[in-house]
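In case you want the letters, here they are:
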Amino acid sequence: ADATTVIDGEAVAADVRADVTTHVETLEDAGVTPGLATVLMSDDPASETYVSMKQRDCEEVGIESVHVEIDADAPADELYDAIDDLNDRDDVHGILVQLPVPDHVDKRSVLRRIDPEKDVDGFHPENVGRLVAGDARFKPCTPHGVQKLLAAYDVETEGADAVVVGRSDIVGKPMANLLIQKSPTGNATTTVCHSRTEDLAGKLAEADVVVAAAGIPEFVDGSMLKDGATVIDVGINRVDADTEKGYELVGDVEYESARGVAGAITPVPGGVGPMTRAMLLYNTVKAAGLQYDVDVNL
Ligand code: NDP
């Protein structure tokens, strides 16, 4: 439909970055330069790319970045020691360990090791618990970014039927927790679907808001959607294509057919991706503010 709104994640992310920049200045005035530490224990080129993007994003808004690299085959203790050092550093307010960590390292132990006040990914069990309890400290970046997009486009979640496709700890579960929150940006009646869901199509057909985060290229199509639904496509999938790189990125939603039915839809790229990046900066500034009792009002 021509009336379909294409949700511009780049534009909303730029607004978030502008906000963050203002708060960086407030902190600077109080004598604090916010700092984010990224920790990489992986040879995976995608992880390397993500980390360097995060460093560049920091620079753009005036956040100092510190980078620590651990050999992928080093003992887990090396990673724990690095986290302990960063926990102790006054110039580091946020700590992000790029996931996945190698198989010989226990991910849960890593996440628990990070000082919860510096846990800008929001994956420490204390922060997960606070989110579930409606008292979030750091909301995980991707679902938080989705929440901001919905708010920026005045998408009503209150009383809406929402379907989240995917139940991962980093996207699906926290997304559902935000949507059921007793707040104006929540209050949705939320269904969480996953690989054992029977009749996904039936659930989607009823949904006013769909958040697709299954990691399967283009598996939600227009025929499955309710007329006028808001469709948030979290998926970022590489598929073979006749391009210079030999691949292209597609979402979990078949964009063309979905666009014909949806009331509003996020593109891939340019939808949720830039928001995830921006919310990390937001969480870092929030962390610095909390640690120094500077009201950055985020
Ligand atoms: P995971 O692989 O951790 O989780 C995928 C979820 O989808 C699982 O809960 C799985 O169910 C569910 N699922 C799998 N198959 C089906 C199916 N046929 N029907 C319904 N549900 C299904 O992925 P992530 O949550 O980490 O990421 C999801 C997608 O989002 C990926 O494409 C990823 O690249 C992208 N992503 C994008 C970000 C961004 O900034 N835009 C950030 C993070 C991720 P089960 O639990 O039963 O296995």
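Residues numbered from 1 in each chain as written. Predicted model: local features only at pLDDT ≥ 70, side-chain atom pairs only at ≥ 80, totals over all residues. Heavy atoms only, no water.

Another point: the sheet that holds strand β8 (residues 230–233). Read from one edge of the open sheet, six strands run β1-β11-β8-β7-β5-β6, paired in parallel fashion. Of all strands in the sheet, those bounded by a partner on one side alone are β1 (5–6) and β6 (189–193). Relative to strand β7 (residues 209–212), strand β5 (residues 161–165) runs parallel, the two being bridged by four bridges. From the neighbouring strand, A162 faces β7, where its bridge partner is V209. With respect to the sheet, helix α7 (residues 172–180) is in contact with β5, β6 and β7, its orientation differing from that of β5 by roughly 170°. (Pairing = 2+ DSSP bridges. Helix = DSSP H or I, 4+ residues; strand = E, 2+ residues; numbered from the N terminus. Contact = heavy atoms within 4.5 Å. Axes fitted to C-alpha atoms, helices over the stretch in contact; angles between N-to-C directions.)

Counted at 1.5 Å a residue, the expected span for helix α6 (residues 141–152) with its 12 residues is 16 Å, and the 16 Å between its end C-alpha atoms agrees. Among the residues making up α6, those that are buried are C141, T142, P143, H144, G145, V146, Q147, L149 and L150. Just downstream of α6, D154 is the residue with a positive phi angle, here 55°. (Expected span 1.5 Å × (residues − 1). Buried < 20%, exposed > 50% of the residue type's maximum accessible area, 1.4 Å probe, protein only.)

What follows deals with the sheet that holds strand β4 (residues 94–97). Sheet architecture is open: three strands sit in the order β3-β2-β4, paired in parallel fashion. At either end of the open sheet lies a strand with only one pairing partner, and these are β3 (64–69) and β4. Each strand axis lies, on average, 20° off the axis of its neighbour in the sheet, ignoring direction. Pairing analysis gives four bridges linking strand β2 (residues 35–40) to β4, with the strands arranged parallel. When the bridges of β4 are listed, V39 appears paired with V97. On the sheet, helix α3 (residues 76–88) packs against β2, β3 and β4 and is oriented at approximately 165° with respect to β4.

Let us now look at the pattern of salt bridges. For the structure on display, the rule yields eight salt bridges. Between D91 and R89 there is a salt bridge, with its nearest N and O atoms 2.9 Å apart. Classification of D91 as partly exposed rests on a relative accessible area of 38%. With a shortest N-O distance of 2.9 Å, E126 and R137 are connected by a salt bridge. Remark: R137 occurs in the loop between α5 (125–132) and α6 and E126 occurs in helix α5; sequence separation between them is 11 residues. Overall, E126 belongs to the partly exposed group, its relative accessible area being 36%. Overall, R137 belongs to the buried group, its relative accessible area being 11%. (Salt bridge = Lys/Arg side-chain N within 4 Å of Asp/Glu carboxyl O.)

The element α7 is extensively covered by neighbouring structure, given that seven of its nine residues are classed as buried. Taken together, the buried positions of α7 are occupied by G172, P174, M175, A176, N177, L178 and L179. Contact partners of the buried residues in α7: α5, α6, β5, β6 and β7.

So far we have only geometry, and geometry alone does not tell us how the molecule works.
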